[in-house]
Every structure is written in C-alpha cells, then in structure tokens.
Amino acid sequence: MEKTKKWRWGVNRWWVFLFIGLSIFFATRYPPIRPGIFVVPENVIPEPLFGNFYLTNTLVATIIVDIILISIALAVRSAAKSGSLVPKGISGAIEALLEAIYNLTESTAGKWTKTIFPIFATITLLVLFSNWLEMFPGVESIGRLHEGEHGYPAVAITEGISAIVKGDAAHAEGGHYEVVPFVRVPSTDLNFTLALALISVVMTQVIGFRAQGARYFSKFLNFTTLFKKPGFGLMDLLISILELISEFSKILSFSFRLFGNIFAGSVLLFLVGSILPAGAVWIQSGVLLFEFFIGLIQALVFGMLTMVFMSMATHGHGDEEEHAAA
Amino acid sequence: MTGDIIMAARFIGAGLSMIGALGAGIGIGLSVQGALEGMARNPDTYGNLLVNMILGIAFSEAIAIYCLVIAFLMLFQVV
C-alpha cells in the first residue's frame, strides 16, 4: 500500500480565511476604481528601448509566460529522466493534458500525428498559460502612475508607493492619475493573437504542401476541370477562389476570437469590481472563476481548430474518389 | 451640448450592436438541445457529447463576444 498524504484541512482553512480577510480589508480601505480601458497595450517605460521599439506590458507578460513554460519543461524533463514511472506533481498534470491532446490528434490526424501534435500542444500551452496569467494578483493592477485627463486622486501609502483611491478628483491636490500596469494579459493584445493566427494558418499551408505536393494548391485555383467540363469547371474555379478567401478570413476569425473573449473578460472584471459596492467583492471572485474556465476553453479551441484545419489540409478532395475506386 | 449628443449616440450604438447576441443565444440553445437529446437517448456518449457541446458553445459564443467588444469600444470611447 502506498502511503497517502493526509489532507491538511487545519492549515488550508486558515489560508483561505486569511485571503478572504485581506480582500475584504483592501476592498473597504481602497475601493476598486475603474481603470482606463485601452485596446493598445501601454508602454512600461515611456521612452523607447531602441529606435521605434517600446517595451509594452503585454511583452513583459509574454516573457513571463515563456519563463514559466520553460521552467515547467525543465521540471518535466528532470522528472522523466529520474526513472520513476509514476509522474508526480506538475509533471503528472502536464502528462495528463498532453496525453488527452495526443489522443485527440491521433483520432483526427492519423499518420500525420507526429507533425501536427507539437504545434497543437505548443499553441494550447502558450495560450493557456497566458490566459491564466489573469489569475495572479497584481496583474493589471500594479504599475507606474501616469498623469492624465481622466483619473482618480492618488494617496501615498509609504515612500514611493501610492494607491489610487475612489473619490472626487476635483479637490485632490495631486491631480488626476491613472495606473499603467507593468503586466497585462498577452491575449488582450491583438498583436499576440494575430501572430499566433498567422503561424497557425501559414503552418497549415506548409503541412498541406508537404502532404500533397503541388496538388495542394489546386484547392485554391482549380483549373483542372475547366477544359474538360466547361460548365462545372467554371463553378469549380469559383468555389476554389472562395476557398482562397476563406483561408484569409481564418486569420481574422482566429485572432479576433481569442482577443475578443479575453479582452471582454478583463473589461468585465474591471466593471464588476468598480460598479459593485465593497461588500460584494466576492462576486468578482466568481467572475474570475468563470474567466478561468473561459481561458481553458479558448486555449483548447484555438489549438483544436489549428489541428483540425491541418489534418484537413493533409488529405485533399481527391482522396475519397481514390478510395472508392480501390 | 454636442458632446451629449455624441454620448447618446455611443449608448444607442452599443445597445444596437448587442442585437447580434440574439443569434448566439439561439445557436447555443440549439446545440445544447441536440446534445441533451443525444445524452438522454444514449447515456454512454455523455463524455464525448459534452466535449463537443462545449466546443460548439464556444464557437457560437465567439459571435456574441465580437458584438460585446464592439459595444465596449463604443462605450469607453476607445475608437
């Protein structure tokens, strides 16, 4: 019999109570304000790093997500090399996730699993962890003060650290301030989602070309039947041009689906926090739980759609006829 | 005064853009209906149907999210 670890109710209970008490204290002491809502990511440092390149807060978050993923990969590697067959802790969770993804890929892609699975898993893990960055306290709330037209008065807590408080900005002596967060969820930046969508769609073409050769591009400009059967051939040509357009609309729908879901979620969190009275601060926790779920679903949807489009690209339209003839 | 009219137009526009959520609601309802009927007839397919149902819901929901983003952009004067 393996010795199971005893569930430490006695300790965990006090941690939960501590965090509930802390959140109630801060919600009454510093009521949540409505932060400025920007589609464009803000610059962490006002001056450009070099040339025209600014360090935006979503870039900082992307680097943090990369560090998390690399350290998880190293932890799983050392666990796999240690020789124990039963994975423990984080490597067990990663193994369960990857096994589910692998089985899904195998049932759809068949013999192309080894090519498609790495892309699917990479996109899913990256999007998953960048969505879940929203859960960490301090993300989108700790940052530098920026004096602006709209905003709220700032109150100094200690030397160099200030908090923005709700209140009438008209008789505040310091002026109006806004917080420019140091870290913002990468998926609320259209650049991040558009880059992922471009990678996904371009890699779909590459895999299609590898699987079918030059025949793959007859899907987009189909002249093959134009001279044999003029009437239906023309229709085939028009349909293939529609395929070409739908390939570009895939980029749009990929990027806007992820961006819209996560951006709307963060705006919802801002609004729920600022509109409700301080006693109802637990409602924001419920919305955060919902966002946790949405982040998982959207990461899976992004990866799964990539996988489905790729496996559709590996077998062309002609395959069914060949099977019927054989 | 002109600012007030622009503000009113923003609110009206945000409200109108959320009409698009109607289609998403119908779509989600239909997909859940289909999945539930399948589950009731054949309870063994519960897990399989649940995953596909959630995927379908995510796709229909994305349409409503597009509308929500447009409404937010209008309300908070981003564009």
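What you are looking at is a predicted structure, and each value in this text was computed from that prediction instead of being measured.

1. Some points on the overall build of chain A
Looking only at helices and strands, chain A has eight helices and four strands in total. Starting at the N terminus and walking to the C terminus, you meet the elements of chain A as α-α-α-α-β-β-β-β-α-α-α-α. Among the 326 residues that make up chain A, the fraction classed as buried is 26%. Here the contacts in chain A between residues at least 6 apart in sequence split such that 67% fall between residues at least 24 apart.

2. A short note on the overall build of chain B
Helix and strand counts for chain B come out as three helices and zero strands. When its helices and strands are written in sequence order, chain B yields α-α-α. Seen through its C-alpha atoms, chain B measures out along the principal axes to roughly 65 × 15 × 10 Å. Out of the 79 residues belonging to chain B, those deemed buried represent 16%.

3. What to know about the environment of Phe256(A)
Tracing the sequence through the fold places Phe256(A) in helix H6 (residues 230–275). Taking the C-alpha atoms as reference points, Phe256(A) and Val11(A), separated by 245 residues in sequence, lie 43 Å from one another.

4. Some points on the packing of helix H3 (residues 89–109) of chain A against helix H7 (residues 282–314) of chain A
Residue and element names in this part refer to chain A. Running from N to C, H3 and H7 point in directions that differ by 30°, and their axes come no closer than 10 Å. Between H3 and H7, the angle falls in the class roughly parallel. When you trace H3 past H7, the crossing you get is right-handed. Along the contact surface, H3 presents Thr105, Thr108 and Ala109, while H7 presents Met307, Val308, Ser311 and Thr314. By residue class, the composition of the contact of H3 with H7 is three nonpolar, four polar and no charged.

5. Examining the environment of Ala27(A)
Residue and element names in this part refer to chain A. One can find alanine 27 in helix H1 (residues 9–29). When the 19 C-beta atoms within 10 Å are taken as the criterion, alanine 27 is described as partly exposed. For the pair alanine 27 and glycine 273, spaced 246 residues apart in sequence, the C-alpha to C-alpha distance is 9.3 Å.

6. What to know about the interface of chain B and chain A
How big an interface is tends to be stated in terms of accessible area lost as the parts join. At the junction of the two partners, chain B supplies 11 residues and chain A supplies 13 residues. Residues belonging to the side of chain B that touches chain A are distributed by class as follows: 11 nonpolar, no polar and no charged.

7. Things to note about the confidence of the model for chain B
Residues and elements named next belong to chain B. Residues with a pLDDT of 70 or more make up 94% of chain B, whose mean pLDDT is 86. Summarising per-element confidence for chain B, the mean pLDDT is lowest in helix H3 (residues 46–75) (83) and highest in helix H2 (residues 21–41) (93). The complex prediction reports pTM at 0.81, with the ipTM value standing at 0.71.

8. Some words on the nonpolar core
Core analysis: the largest hydrophobic core is formed by 46 residues, its most contacted members being Ile116(A), Val127(A), Ala264(A), Phe302(A), Leu68(B) and Val69(B). At the level of elements, helix H2 (57–81), helix H4 (113–132), helix H5 (190–212), H6 and H7 of chain A together with H3 of chain B are the ones that each hand at least two residues to this core. When residues in this core are grouped by element, the largest group, 10 residues, is from H3(B). Among the nonpolar cores identified, the runner-up in size contains five residues, and Tyr152(A), Ile164(A), Tyr177(A) and Val180(A) belong to it.

9. Observations regarding the confidence of the model for chain A
Per-chain confidence: chain A averages 81 in pLDDT, with 87% of residues scoring 70 or above. Per-residue pLDDT stays below 50 along residues 320–326 of chain A; that stretch engages in zero contacts with residues further than four places along the chain or on separate chains.

Scoring rules and cut-offs
Residues numbered from 1 in each chain as written. Chains lettered and ligands numbered in written order. Predicted model: local features only at pLDDT ≥ 70, side-chain atom pairs only at ≥ 80, totals over all residues. Helix = DSSP H or I, 4+ residues; strand = E, 2+ residues; numbered from the N terminus. Buried ≥ 20, exposed ≤ 12 C-beta atoms within 10 Å, placed from the backbone. Contact = placed C-beta atoms within 7 Å. Axes fitted to C-alpha atoms, helices over the stretch in contact; angles between N-to-C directions. Parallel < 35°, antiparallel > 145°, perpendicular 65-115°, else oblique. Left-handed = near helix turned anticlockwise from the far one by under 90°. Nonpolar A, V, L, I, M, F, W, Y, C, P; charged D, E, K, R; others polar. pLDDT = per-residue confidence, 0-100. Core = buried A, V, L, I, M, F, W, Y, C linked by C-beta atoms within 7 Å.

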